[in-house]
Structure formats: C-alpha cells, structure tokens
Amino acid sequence: MKETGLRIAAGVAAVATVVVTAGPAVAKPSGDQALLLFDDVPKGAPITSPFNAGTARVTSTTVTLGDGQVIARRARALHSRVAEFPAYDGLEDGARAVISVRAKGKVDGLEPGRRPFSLGADVKLDEVNTGTMDDNGNNIVQRGRFNNATQFKLQVDHGRFGCRVEGSDGVLVAESEVALKPTEWYRARCSRQFVEGGERLVLTVRQREHPDHWGPVHRVDSDVGAAGELSFRRKITVSVGGKLGPHGRIAADTDQFNGRLDNVFLHIR
C-alpha cells in the first residue's frame, strides 16, 4: 500500500483492546449524513449512481478505470443487496472502481468540523485481496489523503481493520486486533469521541455468525489526543472502495477494495 495511511507515530498507538457482548446491532444507523444502500439496483447490474439514504445533499457516482465496475449482488447473510467491487488483479493499471460521494449546496454536509462523528460499513473481503505494491490494501471509506492536512479513513490493511483521523491539531489512530477471515462478513465502526483530556477513536468490529445475528463486539480505543478541526476543499470527495485524486479521478495507488460492501455510512453529530 503506497499511502501508509495507518502508520502510527509516537503517542498515537492503539491501546486498550477489549471484548464485550452487546445486543442486536442496528443495520442502518438513523440520521446519517451519508448512507449508501444498493437494494434498488437489480441483481447483477452495474451500480453507477448509488442511492444515498442519508440527510446530506450529495451526488454519488461510480468512477471506473479499465473494465472496473461495481456490481449489485445478493447477500443472503445480510438479507440485502450489496456492492461487489473489482477482483484483485495485482496490476498497476488493472480494473478499478471507486464510489465518489460529493457534497452539494452551500453547506458541506460531509465535513465533521470539530464535532463527534462515526463512519463504517459491512465488509466481506475476497479470498485473494492483496499481493503486490500496486494493489496491497483495501480502502473502505475515506475523505482526504495521507499527505493532506485533513483526513478520515477506514480500511483493511494486513488483514485487520484500521481507522485514522487527522485534523488541525493532530492525528488519532486505532487498529483492531481482529484478523479477518476472507469471505466472512464483518461490521466495522469507527467513532471520534470527546472525552476528559481530549479526543479518542473507538473502533469496533463484529463478525456475522449466522444470517440473523452479529457476534460479540471487539473494541479498541486510540490513545487520548487531539485531531481538532476537520475541514475539506469541496473537490476532495468521500470515496468508497478505494482512493480518488483531488479531482475525483482514480488514484494511481488506489488500494482497490476487493470484495463486497453494504451499509456504508458517515454520521456527524
């Protein structure tokens, strides 16, 4: 992965891993600014303009390179239609497809500022999903790049979920210890919280144990620190399934997600 978005600097390493049990998870969080759903697309058809069930005014489009497509598939384990991203090919210029979510109107509804926020998705990786320097990561949802002043990001790297938030005051990072099993469904959620002494990230992961039940919550907290203000230029869009450049084009180091996603959301409080 060329963009080492989860490189941990001194003082921001993830700590305090715990496992807890919890009640049934809410499949579709309420009041989200962005919530991408795919149930309106016929099974096997390309997803070109994903439906946003959230409250923010946005334009959602699928950006492609080569033969890349995002295809609607049926996921029995979730009782849902989901988005299937291109298979791993290990090529520098292979098939790529990334969903771009761009804010519309005078107010950028996808910009957290200094507020608490959460992002996440239901995730299933393909059996083969990484292997070369040209394609060695699986980006889920992000806005901003590692070399930008501001970023929020959820990804799978080295078979584990990680979350990174950078703002005007610093960087927060949380990395899960849960080793993903390819072809299994997981629910990942990353939240910025304000606590005594500053801010922290809380990253939770649950595995789908059978079609009607998510397993126990595996939680990891970042160190308490400060990210501060998260503001973005409008040309920097939220991307789902890979990286996009500043003008919404497929990035050379896309870190194409290889697998299936559902219930991709951004919730700003």
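Going by the structure above, here's the rest.
Residues numbered from 1 in each chain as written. Predicted model: local features only at pLDDT ≥ 70, side-chain atom pairs only at ≥ 80, totals over all residues. Heavy atoms only, no water.

Turning our eyes to something else, we now look at the environment of alanine 75. Here alanine 75 is to be found in strand 5 (residues 71-75). Spatially, the C-alpha atoms of alanine 75 and leucine 261 are 9.9 Å apart, while their sequence positions differ by 186 residues. Here alanine 75 is in contact with Ser80, Val82 and Trp185, once residues within four sequence places are set aside. (Helix = DSSP H or I, 4+ residues; strand = E, 2+ residues; numbered from the N terminus. Contact = heavy atoms within 4.5 Å.)

Attention now moves to the pairing of strand 14 (residues 198-210). Direction of pairing for strand 13 (residues 185-195) relative to strand 14: antiparallel, over a ladder of 10 bridges. From the neighbouring strand, phenylalanine 194 faces strand 14, where its bridge partner is glutamate 199. Where strand 13 folds back on strand 14, the antiparallel hairpin that results is connected by two residues, among which glycine 197 adopts a positive phi of roughly 95°. Taken together, the four bridges between strand 14 and strand 16 (residues 217-222) define a ladder with antiparallel strand orientation. If you follow leucine 203 over to strand 16, its bridge partner there is valine 220. For strand 14 and strand 15 (residues 213-214), the ladder comprises two bridges, and the chain directions are antiparallel. Considered in strand 15, the bridge of arginine 208 is made with tryptophan 214. In this antiparallel pair of consecutive strands, strand 14 and strand 15, the connection spans two residues. (Pairing = 2+ DSSP bridges.)

So, on to unusual backbone geometry. Non-glycine residue histidine 158 carries a positive phi angle of around 55°. For histidine 158, a relative accessible area of 74% translates into the label exposed. With phi around 50°, asparagine 263 is a residue other than glycine that occupies positive phi space. What makes asparagine 263 buried here is its relative accessible area of 3%. (Buried < 20%, exposed > 50% of the residue type's maximum accessible area, 1.4 Å probe, protein only.)

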